[in-house]
Amino acid sequence: MRSQLTLFLGIFSIMALSNAIVPVLPAYATGSAWSGAIYSAYFLGAVLSTLPSGILSDRFGRVHMVRAGFILTIASGILLAMTTAEVPALAARLIEGIGAGMFVAPALSVVNAWEDHRKMSGYFMALLNAGLVIGLVGPGLLASATGRPAAGIVLFTLLAIVPAGASLFLREPPASPATHSDLPAFIALVKEYRWIWYSSIVLVGITGVVTSLYPKFTGASPNLLGLWIAGMSIATILAVLVISRFPINEILAIRISAILMMAGVAVSYVSPAGFLVLGAVAGIVVIAQMAFLARVHEHQGTVMGLFTTMSYVGMALLPFIAGIVADAAGFFVAFCVTALAAVTVAVVVRKTFATG
């Protein structure tokens, strides 16, 4: 129970802190370029640290990496609370992303090692998304009420101290002893589960595509866009809590989700209700992928590092490609290309696992 509360409260506070700067970015950046750089530095840090932390957790222990993630997260929050200067804020966001990456992969590998991992992964992913939503909404309200832009950052930094302290009492969970060295095992995992990684890049990345296209596509106000995006996260929360309670055929679930993701993209072209579809489908996909990967008992930290990194790659790569397509050929073509990308997941996952 102690480890569950530590990881659950940890992922909530870390994700809330990651979004806490978004509503108050103007206080940290004098222009759009600095604003974009400070925002993106977090994701750069996460991409750089997630996979290495998963690999290192297999060698040196998951709990050590979780604690290191907490330390960097709290340090970044303190730095952001102390100054609004652009260069320190940029550095703090990079550190924050590195800390998040160091926490997430080992934490997911711990969750997947639990006997009731399917249900627990549902709670973990629900709290991850809840943290993102609260991190978007709460700090803006606190800043308005207190007149201090960093009020939300301070709150979630203090909150992160609680699970960080509890992590000092965690014991290293049992893990299957590694029978292969790191590099050959890494190459084997990349090759054997290549279509799982592909499905993660595409299906998670599609949620980023629609989110990134919508501001210019609709011309809606930031407040309205924020509600739609929050709605997607809430749909994900509900989906992971429901699907994690039922036994499923993971590969079939991913294939069906790919088709539903295509439908969600089509719906989003005509209505923001598509955000709800995309959010719910993304929740199903993540639980199915984690349940399938839980079968890998050896090098579970590396597996979860790959899984999380591929999600970040999808969020970074697909919106960039879709933006280029939208500028060159229009939004309709961009949405069509995105929908077709979802279909490819259903095709290649079916082909790969049908042939063993």
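Residues numbered from 1 in each chain as written. Predicted model: local features only at pLDDT ≥ 70, side-chain atom pairs only at ≥ 80, totals over all residues. Heavy atoms only, no water.

## A look at the overall build of the chain
- Counting its regular elements, the chain contains 13 helices and zero strands.
- Put simply, the chain runs from its N terminus to its C terminus through helices and strands in the order α-α-α-α-α-α-α-α-α-α-α-α-α.
- In terms of overall dimensions, the chain is globule-like: its C-alpha atoms have a radius of gyration of 20 Å, near the 21 Å expected for 356 residues.
- In terms of principal-axis extent, the alpha carbons of the chain reach across some 60 × 55 × 35 Å.
- The proportion of buried residues among the 356 residues of the chain is 52%.
- Taking all contacts inside the chain whose residues are at least 6 apart in sequence as the whole, residues at least 24 apart take part in 85%.
- Only carbon and sulfur atoms are counted for the fraction: they give 72% of the accessible area of the chain, which is about 15400 Å². (Helix = DSSP H or I, 4+ residues; strand = E, 2+ residues; numbered from the N terminus. Rg over C-alpha atoms; globule rule 2.2 N^0.38 Å. Buried < 20%, exposed > 50% of the residue type's maximum accessible area, 1.4 Å probe, protein only. Contact = heavy atoms within 4.5 Å. Areas by Shrake-Rupley, 256 points an atom, 1.4 Å probe, with all protein chains shown as cover.)

## With respect to the packing of helix α8 (residues 194-218) against helix α11 (residues 274-293)
- In contact at an axis separation of 10 Å, α8 and α11 are set at 160° when each is read in the N-to-C sense. By the criterion of interaxial angle, the relationship of α8 to α11 is roughly antiparallel. Considering how the two elements wind past one another, α8 and α11 form a crossing that is left-handed. Residues I196, W197, S199, S200, L203, I206, T207, V210, T211 and Y214 of α8 pack against F275, L278, A282, V285, Q289, F292 and L293 of α11. (Axes fitted to C-alpha atoms, helices over the stretch in contact; angles between N-to-C directions. Parallel < 35°, antiparallel > 145°, perpendicular 65-115°, else oblique. Left-handed = near helix turned anticlockwise from the far one by under 90°.)

## Remarks on the nonpolar core
- Within the largest apolar cluster, 83 residues are counted, with the highest numbers of intra-cluster contacts made by F103, F124 and L203.
- Setting aside anything within four residues of it in sequence, one finds F124 in contact with L7, F8, I11, F103, A107, L108 and V111.
- Core analysis: the second largest hydrophobic core is formed by 16 residues, L17, I21, I38 and I153 among them. (Core = buried A, V, L, I, M, F, W, Y, C linked by side-chain atoms within 4.5 Å.)

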